[in-house]
Structure formats: structure tokens, C-alpha cells
Amino acid sequence: MIGKETTAGRATKFTFLGLWLVFSLFPLYWITVTSLKDPGDIFSFPIAYWPERFSLENYQGLFGKADFGTYLVNSLVVSTVAGAVATAISTLSAYVLARFEFRSKSALLMAFLVTQMIPSFIALGPLYLLMTDLQLVDNRLGLMLVYIAVCIPFCTVMLRGFFENVPDALEEAAMIDGLSRLGALLRVLLPVMRPGIVAAFIFNFVNCWNELFLSVTLMNSDENKTVPTALNGFISSFNIDWGSMSAAAVLTILPTMVLFAFASRHIVRGLTAGAVKG
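Here we summarise the structure given alongside this text. Source: prediction; values computed, not measured.

### Digging into the overall build of the protein
Helix and strand counts for the protein stand at 12 helices and zero strands. Reading the protein from its N terminus to its C terminus gives the helix and strand order α-α-α-α-α-α-α-α-α-α-α-α. In terms of overall size, the protein is more extended than a compact globule, its C-alpha atoms giving a radius of gyration of 24 Å where 278 residues would be expected to give roughly 19 Å. If one aligns the C-alpha atoms of the protein with their principal axes, the spans along those axes are about 75 × 75 × 30 Å. Looking at the protein as a whole, 37% of its 278 residues are labelled buried.

Rendered as C-alpha cells:
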């Protein structure tokens, strides 16, 4: 009787997981299929879940009519640079918060957490005025600086947890052997922290890659726009270019899928490191 109940429970579990997998993957499948349909077949009825003939017209129009390649390069450059710089700064600040005690430490941590509760669009007006005064509107450098400032608070709190799970004895042993505190950080702690740093970088990269409000507000010219801004441009007051938008969405998803595929081992180790005490 127990075996039958166990088998039934496993069957129910796998059935539920299978349905959830189909539910989760269907939007990605539908976007891909729509991007490969002929523009005239997208609104055909009855709905074709598998097109009779495949067409690359949506992709050709994406790069022919719109300079989508420039948008991809802009997003890649901005997200990579902003993610890397924010991760580097957050690593140093997280180390200080994890290893040192000072008077305003609790207040600083609270400020980092509070900033995550404030929607970014609330600061769009003051931020635009600030960037205008600094002459950084419609400038990739200005967008990078804003993204770095947005990513640092949460990334610092995240990496602080990883540092706290690295034993102090490891760093002290390195300093006894003659390394300075900075040398111990660079040569001993950072290699141990690699999974957490990789996870933090990917978190920052994906946030910058998918961000819309700041990009739309600060980027005006086509040569400086990023991918989310380009996707937003396919929506007009009276029409939505579903074919081009689907093709652009597929190309937008690919870089993050490749990044997760290559770094999945580090991501899993980084996300589970906080569950193990050193």
C-alpha cells in the first residue's frame, strides 16, 4: 500500500512539474515560431502552432529597416562594462562590511536595503536633470554610470553574505605568511569567492541588459539606444509589429541563455554557498 502511494505521489509530482515546464516554455516557443512565420501568416485563423513554411523575413527586416545590430552592440557594451565595474566595487565594499566594524555600518546596510524598495522610475525626473547638467544625456557613459549606481547596493549586500561564510582563519593565515590585507583579499579570498562573484556579475548583467525605463529616458539617438528601447519602439499607438518584435525578442534572449549555459556551474555554487557555514 505504501509503495502504491509513493508511486502515485511521484506520478503526481512529475505530472505537475511537466505541466509547469510546458507552461513556462510555451511563451518562448511561441515567440520563436512567430518570428519564423511569414508576416502575412502571423494573424491567420485558425491559429497555426507550427507554420507550414518558415520565413526569415522578420529577421531580415529587423536588420534591414532598423539598425538592430547597433542596439545589440550598445546593450552588450553597456551591460558588460556596468556589470563588471559594479561587481568590482561591490566586492570591495562587501569585504569592508563583512570584515570591519564601524559606527555607521548598520545605517549603511539599511540604506542599501531601502534603496531596493524604491521604484527606479520615481527618480527619473531628478536623474534626467542631473545627467543634463553633466552633459551625459544620450551618452553610453552616462547610462553606464547610472546602471553602476543602481547595481551596487543590492550586489554589495549579496556579496557581503558570501564573505561572511568565508572563515576569517583563511585570511589570517595568509597574512601570517607575509601577505598584506589587500594581497590576502586578491590572492586568497577572491579565488574562493569566485562562484559568488560570477553570480553577482550575471545578476548585474541581466539587470542592465533588460532595463527599460532609464534607457528610454536617457537615450535619444538611434546610435546610442539599447535593445529594450528598440523593442519598445515596435509598439505604436495603433499597431504592434509582432513579427519584428518576436525576432528581436529571440535575439535578445540568446546572449543571456549563452551566458547562463557557460556559467551555470558557478551560478549554482554561488547561490548555494550561503547555505553552508565555513
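There is more to say, and it comes next.
### Points about helix α6 (residues 140-164)
Helix length check: α6, at 25 residues, gives a terminal C-alpha distance of 35 Å against a target of 36 Å (1.5 Å per residue), a fit within 8%. A bend of about 35 degrees at Ile 152 is the largest found in α6, and the proline Pro 153 appears one to four places after it. The opening residue of α6 is Asn 139, an N-cap whose side-chain oxygen sits 2.8 Å from the backbone nitrogen of Leu 141.

### What about the side chain of Glu 211?
Relative to the helices and strands, Glu 211 is located in the loop between α9 (194-210) and α10 (213-218). No salt bridge forms around the buried Glu 211; measuring N to O, its nearest opposite-charge neighbour Lys 225 is 14 Å away. Within polar-contact distance, the side chain of Glu 211 engages the backbone nitrogen of Ser 215 at 3.1 Å. In contact with Glu 211, not counting residues within four places along its chain, are Tyr 147 and Pro 228.

### Concerning the pattern of salt bridges
Pairs can form between side chains of opposite charge once their charged atoms are near each other. Counting across every chain of the model gives six salt bridges. Asp 168 is paired through a salt bridge with Arg 99; the nearest N and O atoms lie 3.3 Å apart. Residue Asp 168 is located in helix α7 (residues 168-176), and its partner Arg 99 is located in helix α3 (residues 68-99); the two are separated by 69 residues in the primary sequence. Asp 168 gets classed as partly exposed once you look at its relative accessible area, which sits at 42%. Each of Arg 99, Asp 168, Glu 171 and Arg 181 takes part in a single network of salt bridges with overlapping partners.

### Quick notes on the packing of aromatic side chains
Taken as a whole, this structure holds 10 aromatic pairs when the rule is applied. With a centroid separation of 5.7 Å and 20 degrees between ring planes, the pair formed by Phe 205 and Trp 209 is classed as stacked. You can see Phe 205 and its partner Trp 209 sitting in helix α9, four residues apart, about one turn around the helix. Just as Phe 205 is buried, Trp 209 falls in that class too. Among the aromatic residues, those joined into a cluster by ring pairs are Phe 26, Tyr 29 and Trp 30. Of note, Lys 13 hangs over the ring of Phe 14, and the distance from its end group to the ring centre comes to 5.3 Å.

### Some points on the packing of α6 against α9
Following both chains from N to C, one finds α6 and α9 inclined at 155 degrees, their axes separated by 10 Å at the closest point. Judged by the inter-axis angle, α6 sits roughly antiparallel to α9. For the pair α6 and α9, the crossing hand works out as right-handed. Contact residues: α6 offers Tyr 147, Cys 151, Phe 154, Cys 155, Met 158, Leu 159 and Phe 162, while α9 offers Gly 196, Ile 197, Ala 199, Ala 200, Phe 203, Asn 204 and Cys 208. Residues of the contact of α6 with α9, tallied by class, amount to 12 nonpolar, two polar and no charged.

Reading the values: the criteria
- Residues numbered from 1 in each chain as written.
- Predicted model: local features only at pLDDT ≥ 70, side-chain atom pairs only at ≥ 80, totals over all residues.
- Heavy atoms only, no water.
- Helix = DSSP H or I, 4+ residues; strand = E, 2+ residues; numbered from the N terminus.
- Rg over C-alpha atoms; globule rule 2.2 N^0.38 Å.
- Buried < 20%, exposed > 50% of the residue type's maximum accessible area, 1.4 Å probe, protein only.
- Expected span 1.5 Å × (residues − 1).
- Bend = angle between axes of the 7 residues up to and from the residue.
- Polar contact = N/O pair within 3.5 Å; in protein donor to acceptor, adjacent residues only side chain to side chain.
- Lys, Arg positive; Asp, Glu negative; His and termini not counted.
- Salt bridge = Lys/Arg side-chain N within 4 Å of Asp/Glu carboxyl O.
- Contact = heavy atoms within 4.5 Å.
- Phe/Tyr/Trp six-rings, centres within 6.5 Å; stacked < 30°, edge-to-face > 60°.
- Lys NZ or Arg CZ within 6 Å of the ring centre and 35° of its normal.
- Axes fitted to C-alpha atoms, helices over the stretch in contact; angles between N-to-C directions.
- Parallel < 35°, antiparallel > 145°, perpendicular 65-115°, else oblique.
- Left-handed = near helix turned anticlockwise from the far one by under 90°.
- Nonpolar A, V, L, I, M, F, W, Y, C, P; charged D, E, K, R; others polar.

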